[in-house]
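Here is how the chains run, residue by residue.
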Amino acid sequence: MAYRPKRATTFDVFNYIILILLTFVIVYPFYYILINSFNGLLTHRPSFFWPELPTTRTYQTVFADKSLMSAFFVSVARTVVGTAITVVETALCAYALSKPYLRFRGFYMALLIIPTFFNGGTIPVYLNLRNLGLVDSFWVYVLPSGFSFFYMVVLMSAFRNVPSSLEDAALIDGAGCWKIFFRIILPVTIPTFATIALYAAVGQWNQWFDTMYYTKKDSLQTLAAVLMRIIRENLGTDMASDMMSDLENNSYNPEGVKFATMIVSVTPILCIYPFLQKYFVKGIMIGSIKG
Amino acid sequence: MKTKKRKAYQESVLGRNPKSQLALQLMALPAIVSVILFSYLPMYGVIIAFKNYNIFKGIMASPWARNNGFEHFIDFFKTPAALSVVLNTLKMAGLMLVFTTWPPMLLAILLNELRSSKFMKTVQTCSYLPHFISWAVCGGIFYSLLNPTSGAINLILTSIGVMDKSINFLSDPRFLVPIMVLLRIWKGIGWGSIIYLGVIVSIDQQLYEAVEIDGGQRFAKIRYVTIPHLVPTFVLLFILECGKIMSGGDTFNQVYVFSNVTNRGLIDILDTYILRTGFENGRYSYSTAVNLFKSVINVILLLTANWVSKKATETSLF
């Protein structure tokens, strides 16, 4: 906090006005999709402040749509499984690499950092996934994203800050590495784990690329990819989409249904992130300081 | 001294114990295997940039491309699209660098000057909101808000007389790119401010008191204390951004959402071009060649950025 004068100055007034305007500009678009998701008017005219003819039929349409619901559950599944894999895989590796006496440590570090600067490229990555038999499989969502160098850096710095006396005490009691990790390290670094889990979960939930390009199966569609198709179709793209025509055929206020789909897709994130705020703020600092 | 002793103790027990060394190796194993499978194996596939890849023959058996394997690179440089795509990539990256890097710093300064911490908390929480939302949803929201016939922005601007008739912002060449820049600011300003607020919190309060004793007002404090403390972080982040110029990153998602057949010429960047030629036109080798060209320039830029960063701020990635 800066050292401030006691009386409100003109600067304060302007500052408040600017920040209130900014908050409005940021929040209003979300309010806008929220009210229009309840818009019962069967035209393409959106409401700006309050839904005309408020209705919940848009949501009933969304929840009755089999392909949308399937996409929703695939999204939930990949978020849960994908986040678990990423957190466990990255954290175990981070713990091992935070120990200076790990053999081949330097080699592992180099091995893990190089792909953050150079990758095979879109097509070789796709061909590789196809060779591994992952194309058109659920695992393509959760396995390739299992390790993240950035998360590892954040976790490593958290592990290093754990007083080594804690580990020593467990060692004297005869605990092994695994026991120390799960019983000692994990409980005291829970905030960092929460941060990483939030990042990974948001990434999984919003990921659309793998769905669009690594699978053609209807049963593997995710909410993010379906939304991407719907929105691009609206923008007049040349991509054909069966999903959207399904929605249009439902014929009940497609605009309202589209907004309801967006609300369904953003709500889970909006319910979680404010509670984890103080954790991820800390996480991003460590991450950016360490590069 | 004490901690050093303890570290040594741990090392002597764990480091020399084959059982615990094995346990640690096992912990690192899944990540190592994952990186080899999903990051290193595809690197070998880059070779198809120099071949005429045939799906049925596989990578090894496919014939080499003409001109000593450089056929696809030459093809790319010969197409008129190449120049426009590269220029678009540079243009988008340049605009994003100039216009989206400093607003988070400004927001952090303004937030820090607030008198009520409750209000500050609220603004902060709201400002993080767009960061968590996918570009698809952003596209949906703004497509609707900017719609020429029914969008709020057109209706407001025409009713207060700023414009005579409504404009299709998302296909008008004058507005498309500025709107994309504004949306990037909208999405990233709050999230980006976190790191600057972290720096501000660490500033010594006595410095502000010193300015006060010298008779300095609000602006003097911002000018002579807050900003000088934020500049090194800004420079570091800016330089690191420079290293990402060729790789679209967030710009790729954004362009993917907002581009269509009519406005493609304006915002088509290397990443979208690679995706289109590869997946939609099925030119695997060509697309990989363009991708390789992009990656090589990217690595050069990154190394340069890192070197400049090391010289300028004594901070670097490696």
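What follows covers the overall build of chain A. A tally of regular secondary structure across chain A gives 14 helices and zero strands. Beginning at the N terminus, the succession of helices and strands in chain A can be written as α-α-α-α-α-α-α-α-α-α-α-α-α-α. When the 291 residues of chain A are sorted by exposure, 43% land in the buried category. Counting contacts in chain A only where the partners sit at least 6 residues apart, residues at least 24 apart contribute 68% of the total.

Each helix and strand in chain B was counted, giving 16 helices and zero strands. Computed over its C-alpha atoms, the radius of gyration of chain B comes to 26 Å, more than 25% above the 20 Å expected for a compact globule of 318 residues. Counting only C-alpha atoms, chain B reaches 80 × 75 × 35 Å along its principal axes. Residue burial in chain B is summarised as follows: out of 318 residues, 38% are buried. Within chain B, contacts between residues separated by at least 24 positions form 62% of all contacts whose residues are at least 6 apart in sequence.

On the chain A side, the residues contacting the 83 residues of chain B number 86 residues. In terms of residues, the side of chain B that touches chain A owes the most to one element, helix α2 (residues 18-45) of chain B, which gives 18 residues. Partitioning the side of chain B that touches chain A into residue classes produces 49 nonpolar, 25 polar and nine charged.

What follows is about the domain arrangement of chain B. Buried accessible area, meaning the area lost when the parts come together, often serves as the stated size of an interface. What the domain assignment reports for chain B is domain 1 (2-41) and domain 2 (80-313). Computed from C-alpha atoms alone, the centre-to-centre distance between domain 1 of chain B and domain 2 of chain B is 39 Å.

Turning to the environment of Trp208(A), a few remarks are in order. By the element assignment, Trp208(A) lies in the loop between α10 (190-206) and α11 (209-214). Residue class for Trp208(A) comes out buried when judged on the 21 C-beta atoms lying within 10 Å of it. When the C-alpha atoms of Trp208(A) and Tyr141(A) are compared, they prove to be 9.7 Å apart, with 67 residues separating the residues in sequence. Non-local contacts of Trp208(A), meaning those with residues more than four positions away in its chain, are made with Thr222(A), Ala224(A), Ala225(A), Met228(A), Ser134(B) and Ala136(B).

In this section: helix α10 (residues 173-201) of chain B. Two residues of an α-helix separated by three or four positions point the same way, owing to the 3.6 residues in each turn. End to end, α10(B) covers 43 Å across 29 residues, agreeing with the expected 42 Å (1.5 Å per residue, within 8%). Maximum bend of α10(B): about 50°, positioned at Gly188(B).

This part takes up the packing of helix α4 (residues 105-113) of chain A against α2(B). Contact pair α4(A) / α2(B): the axes reach a minimum separation of 10 Å and the direction vectors enclose 40°. In this view, α4(A) runs oblique relative to α2(B), as classed from their interaxial angle. Regarding α4(A) and α2(B), the two cross each other, and that crossing is left-handed. Each of Tyr108(A), Leu111(A) and Leu112(A) in α4(A) lies in contact with α2(B), whose residues at this interface are Ala28(B), Ala31(B), Ile32(B) and Val35(B). Of the residues assigned to the contact of α4(A) with α2(B), the class counts are seven nonpolar, no polar and no charged.

Turning our eyes to something else, we now look at the packing of helix α7 (residues 149-160) of chain A against α10(A). Residues and elements named next belong to chain A. Put simply, α7 and α10 touch, their axes get as near as 10 Å, and they point 175° apart. Classed by the angle they form, the pair α7 and α10 counts as roughly antiparallel. Contacts between α7 and α10 involve Tyr151, Val154, Leu155 and Ala158 from the first element and Thr192, Ile196 and Tyr199 from the second.

This brings us to the nonpolar core. Counting 119 residues, the largest nonpolar core has Cys93(A), Ala94(A), Tyr95(A), Ala96(A), Leu155(A), Leu227(A) and Ala136(B) as the members making the most contacts within it. At 13 residues, helix α3 (residues 66-97) of chain A tops the list of elements feeding residues into this core. Lining this core are residues from two domains, each supplying at least three of them: domain 1 (2-41) and domain 2 (80-313) of chain B. Other than its neighbours up to four places away in sequence, Ala94(A) contacts Met152(A), Leu155(A), Met156(A) and Phe159(A). Counting 16 residues, the second-largest nonpolar core is a separate cluster that includes Leu19(A), Leu107(B), Leu114(B) and Ile194(B).

Further remarks concern the confidence of the model for chain A. All names here are of chain A. Model confidence for chain A is summarised by a mean pLDDT of 84, while 87% of its residues fall at 70 or above. When mean pLDDT is compared element by element in chain A, helix α6 (residues 139-142) scores highest at 96, while helix α13 (residues 242-250) scores lowest at 48. Ignoring residues within four places in sequence, the model shows residues 236-246, a span with pLDDT below 50, making 19 contacts including any to other chains.

On to the environment of Ser193(B), then. All names here are of chain B. Position of Ser193 among the secondary structure elements: in helix α10. Residue Ser193 is classed as buried on the basis of its 25 C-beta neighbours within 10 Å. Counting along the chain gives 84 residues from Ser193 to Ile109, while the straight-line C-alpha distance between them is 8.9 Å. Leave out the neighbours within four places in its chain, and Ser193 touches Pro104, Leu107, Ala108, Leu111 and Ser127.

Okay, the confidence of the model for chain B next. All names here are of chain B. Looking at chain B, pLDDT values average 86 and 93% of them are 70 or higher. Per-element confidence in chain B is highest for helix α6 (residues 103-112), whose mean pLDDT is 94, and lowest for helix α1 (residues 2-15), whose mean pLDDT is 60. On the interface metric, ipTM, the complex scores 0.85, and its pTM is 0.87.

Once that is clear, we can look at unusual backbone geometry. Note on backbone geometry: most residues besides glycine have negative phi, and most peptide bonds are trans. Residue and element names in this part refer to chain B. Positive phi values are uncommon outside glycine, yet Asn67 reaches one of about 55°. On the secondary structure map, Asn67 appears in the loop between α3 (58-61) and α4 (71-78). Among the residues examined, Asn67 registers 12 C-beta atoms within 10 Å and is labelled exposed. Of note in this structure, Asn68 is not a glycine but carries a positive phi near 55°. Looking at where Asn68 falls in the secondary structure, it is placed in the loop between α3 and α4.

With that settled, consider the environment of Ile113(A). Residue and element names in this part refer to chain A. Along the chain, Ile113 turns up in helix α4. For Ile113, a count of 15 C-beta atoms within 10 Å corresponds to the partly exposed category. As for Ile113 and Phe150, which are separated by 37 residues in sequence, their C-alpha atoms are 9.4 Å apart.

Thresholds, definitions, all that
Residues numbered from 1 in each chain as written. Chains lettered and ligands numbered in written order. Predicted model: local features only at pLDDT ≥ 70, side-chain atom pairs only at ≥ 80, totals over all residues. Helix = DSSP H or I, 4+ residues; strand = E, 2+ residues; numbered from the N terminus. Buried ≥ 20, exposed ≤ 12 C-beta atoms within 10 Å, placed from the backbone. Contact = placed C-beta atoms within 7 Å. Rg over C-alpha atoms; globule rule 2.2 N^0.38 Å. Nonpolar A, V, L, I, M, F, W, Y, C, P; charged D, E, K, R; others polar. Domains from an automatic or database assignment. Expected span 1.5 Å × (residues − 1). Bend = angle between axes of the 7 residues up to and from the residue. Axes fitted to C-alpha atoms, helices over the stretch in contact; angles between N-to-C directions. Parallel < 35°, antiparallel > 145°, perpendicular 65-115°, else oblique. Left-handed = near helix turned anticlockwise from the far one by under 90°. Core = buried A, V, L, I, M, F, W, Y, C linked by C-beta atoms within 7 Å. pLDDT = per-residue confidence, 0-100.

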